[in-house]
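Observations on the three-dimensional arrangement
Okay, here's what each chain looks like letter by letter:
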Amino acid sequence: MSGSITFSSVQSIKGSLMVIKTNGKLGYEELVEIELSNGEKRLGRSLQVSEDIAVVEVFEGTQGLSPRDVKVRFLGRPLELPVSNELLGRIFDGLGRPIDNMPEPVGSEELDINGKILNPYKREYPDEFIQTGVSVIDGMLSMVRGQKLPIFSGSGLPHDMLAAQIARQATIAKGEEFAVVFAAIGVPADTAMFFRRELEESGALKRSVLFLNLAEDPAVERIVTPRVALTAAEYLAFEEGYHVLAILTDMTNYGEALREISMMREEVPSRRGYPGYLYTDLATIFERSGRITGRKGSLTQLPILSMPADDITHPIPDLTAYITEGQIVLGKELYHKGIYPPVNVLMSLSRLMKDGVGEGKTRADHKELSDQLYNSYSKAMDVRSLAEIVGEEGIPESSKKYLQFADAFEKKFMKQDPYENRDIDTTLNIAWDILSILPESEWTNISEKSKKVYINVVQKRNI
């Protein structure tokens, strides 16, 4: 990077971008300080540099700026976040500045918000179970330390409630709590206050760090917020040894901001107007999760994406699904039936679940029981569809058991109070209860060994 250089030759201002005549001695993504004639200062970063022109992205927006009345100082370094274990319990804006009326935390060092590339050879495979206290996730879509598992939601669905519940309850199977890094990206003020209140009232704020970029804040700030949050998460995980859960909501707002900046730069649009590098850009965020050999901590990501028009093929959720290790999809049909959390199990999966469950991690019968629930619920949905056509009286008696199973699955296993925290044994025992509605001849995924676990569970509960 170059040293600090000041220019006053601003050629034009367009949206949140400034075009500046320079001498070609600047760096890409260099931190920029814009000073107005009244002494006010704003921050930005260089998006594009050439021999005589630089394009600067102004985080606080360009309202009130005049090309003739500003000085632009290139600081010779990228945007950095001061980090230390004093981050825990604090609340910051989207650029990492304190907004909780407390002194700025003393940073032991300052880290580039773009992070460092992890050597793939030093990555450890994620295989340790995370207990969220939510039965449908723990039982059938298990999350493991170091995984990136997004929530795909539609408008009006309770993804915020689910994210807050997981933030309050998430623990490792041995009982060790997570540190939570929460990034609100372009959310309404009431949503940000909801998360803040939930973490404060539950006592989880003392082990959390909040970064809040509100809908009223400049859109360009949304490009920075997840990177600032993940820088804090990486430090806590890989330097301080915490097991960190990073919740990023709403990544759709991030994608919209990226498209807005791309349009201002007059780049050739790709699918639905998004820039052609959307996949690569999302990957620079999602791939900042995992575990490192020799390091105690881990970084697990739970991004939340609201699907425009409930379209799962929209570019943002579609590309996210290629990068991440599964997805939790929320459905409106279940929501309208009063089921919380309204997880569409048949459209959801956790690709790393098989490595994080089983004997010594959760319980020996976990994976087979999960497979059987999925198989049986899938058949039950087919029976429901048939019953809607011919009527319930028109289907065989054996199939009616599947209708009973589906109702019990949704109302007893899936449905739970947002403040109910179920341990994994409770979740699996409920699963056995509803599976027992079906005759054992239908337990095609259950081995004799797992049936013995079921018998032991029933016996213990009947004593």
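The present account deals with the structure reproduced in this document. (Residues numbered from 1 in each chain as written. Predicted model: local features only at pLDDT ≥ 70, side-chain atom pairs only at ≥ 80, totals over all residues. Heavy atoms only, no water.)

1. Thoughts on the packing of aromatic side chains
The tally for this structure, following the rule as stated, stands at seven aromatic pairs. Note on F409 and F413: the rings are 5.4 Å apart at their centroids and 25° apart in plane angle, and the pair reads as stacked. With F409 and F413 both in helix 11 (residues 397–414) and four residues apart, the pair spans about one turn of that helix. These aromatic residues form a ring-pair network of at least three members: Y377, F405, F409 and F413. (Phe/Tyr/Trp six-rings, centres within 6.5 Å; stacked < 30°, edge-to-face > 60°. Helix = DSSP H or I, 4+ residues; strand = E, 2+ residues; numbered from the N terminus.)

2. Section: the sheet that holds strand 2 (residues 10–14)
Spatial ordering of the open sheet is given by 1-7-4-5-6-3-2, a layout of seven strands whose pairing is antiparallel. A strand with exactly one partner marks an edge of an open sheet, and here the two such strands are strand 1 (5–7) and strand 2. Pairwise comparison of adjacent strand axes, ignoring direction, gives a mean angle of 30° for this sheet. Taken together, the three bridges between strand 1 and strand 7 (residues 70–74) define a ladder with antiparallel strand orientation. Bridged to I5 within strand 7 is F74. (Pairing = 2+ DSSP bridges. Axes fitted to C-alpha atoms, helices over the stretch in contact; angles between N-to-C directions.)

3. Quick notes on the side chain of R145
Along the chain, R145 falls in the loop between strand 13 (143–144) and strand 14 (151–153). Among the polar contacts made by the side chain of R145, one reaches the side chain of H243 at a distance of 2.7 Å. (Polar contact = N/O pair within 3.5 Å; in protein donor to acceptor, adjacent residues only side chain to side chain.)

4. Some remarks on the nonpolar core
Residues I247, F405, F409, F413 and M414 are the most contacted members of the largest nonpolar core, which totals 71 residues. Element by element, the count of residues in this core is highest for helix 11, at eight residues. Ignoring anything within four residues of it in the chain, the contact list for I247 reads A163, A167, V180, V181, F182, A183, L302 and I304. Counting 57 residues, the second largest nonpolar core, distinct from the first, contains V83, L236, L278 and I292. (Core = buried A, V, L, I, M, F, W, Y, C linked by side-chain atoms within 4.5 Å. Buried < 20%, exposed > 50% of the residue type's maximum accessible area, 1.4 Å probe, protein only. Contact = heavy atoms within 4.5 Å.)

5. Side note on the environment of D355
Structurally, the position occupied by D355 is in helix 9 (residues 353–356). For D355, a relative accessible area of 22% puts it in the partly exposed group. Taking C-alpha positions, D355 is 9.7 Å from K367, a pair spaced twelve residues apart along the chain.

6. A short note on the pattern of salt bridges
For the coordinates displayed, the defined rule picks out 39 salt bridges. R73 is paired through a salt bridge with E33; the nearest N and O atoms lie 2.5 Å apart. Pair noted here: R73 is in strand 7 and E33 is in strand 4 (residues 31–36), with a separation of 40 residues, a long-range link. Salt-bridge contacts for D93 lead to R97; the nearest nitrogen and oxygen are separated by 2.8 Å. Look at R97 and you get partly exposed, because its relative accessible area is 34%. Through salt bridges that share partners, E124, D127, E128, R145 and R291 make up one connected network. (Salt bridge = Lys/Arg side-chain N within 4 Å of Asp/Glu carboxyl O.)

7. Quick notes on the packing of helix 4 (residues 221–238) against helix 6 (residues 278–286)
What describes two packed helices is the angle between their axes and the distance between those same axes. Close contact between helix 4 and helix 6 brings their axes to 10 Å; oriented N to C, the two are set at 25°. Looking at the two axes, helix 4 sits roughly parallel to helix 6. Here P226, R227 and L230 of helix 4 lie close against helix 6, whose contacting residues are D281, T284 and I285. When its residues are assigned to classes, the contact of helix 4 with helix 6 shows three nonpolar, one polar and two charged. (Parallel < 35°, antiparallel > 145°, perpendicular 65-115°, else oblique. Nonpolar A, V, L, I, M, F, W, Y, C, P; charged D, E, K, R; others polar.)

8. Describing unusual backbone geometry
For the peptide bond that leads from T249 to D250, omega is 10°, which places it in the cis range. Here D250 shows up in the loop between strand 18 (243–249) and helix 5 (251–264). Cis peptide bonds are those with omega within 30 degrees of zero, and the linkage from Y340 to P341 qualifies with -5°. Look at E266: it is not a glycine, yet its phi comes out positive at around 60°. With respect to the secondary-structure elements, E266 resides in the loop between helix 5 and helix 6. The exposure class assigned to E266 is exposed, which follows from its relative accessible area of 62%. Positive phi, normally seen in glycine, also occurs at A309, with a value near 55°. The residue A309 is located in the loop between strand 20 (298–306) and helix 7 (315–323) in this model.

9. Some details on the packing of helix 10 (residues 366–390) against helix 12 (residues 424–435)
Close contact between helix 10 and helix 12 brings their axes to 11 Å; oriented N to C, the two are set at 45°. Here helix 10 is positioned oblique relative to helix 12, judged by the angle of their axes. Classified by chirality, the crossing of helix 12 by helix 10 is left-handed. Judged by residue contacts, H366, L369, Q372, L373 and S376 of helix 10 engage I424, L428, A431, W432, I434 and L435 from helix 12. (Left-handed = near helix turned anticlockwise from the far one by under 90°.)

10. Notes on empty space enclosed by the protein
The rolling of a water-molecule-sized probe over the atoms marks out the regions of remaining empty space. As enumerated under the stated definition, the model contains one cavity of 30 Å³ or more in all. Its volume calculated, the largest cavity comes out at about 50 Å³. As for the largest cavity, its lining consists of L81, P82, L87, F92, G96, P98, E104 and P105. (1 Å grid on protein atoms, 1.4 Å probe; cavity = no way out; pocket = protein on both sides within 12 Å on 5 of 7 lines; lining within 4 Å. Points joined across faces, edges and corners; volume = space filled by probe spheres on them.)

11. Details of a nonpolar patch on the surface
Residues L386, I389 and V390 make up a contiguous nonpolar surface patch of roughly 290 Å² in combined accessible area. Assignment of secondary structure puts L386 in helix 10. A relative accessible area of 41% places L386 in the partly exposed class. (Patch = residues over 30% accessible without salt bridge, like charges linked within 9 Å, V, L, I, M, F, W, Y side chains within 5 Å. Areas by Shrake-Rupley, 256 points an atom, 1.4 Å probe, with all protein chains shown as cover.)

12. Details of the environment of W432
Turning to its location among the elements, W432 is positioned in helix 12. Each C-alpha atom, one on W432 and one on A219, is 48 Å from the other, the two residues being 213 residues apart in sequence. Leave out the neighbours within four places in its chain, and W432 touches R363, D365, L369, W443, I446, S450 and Y454.

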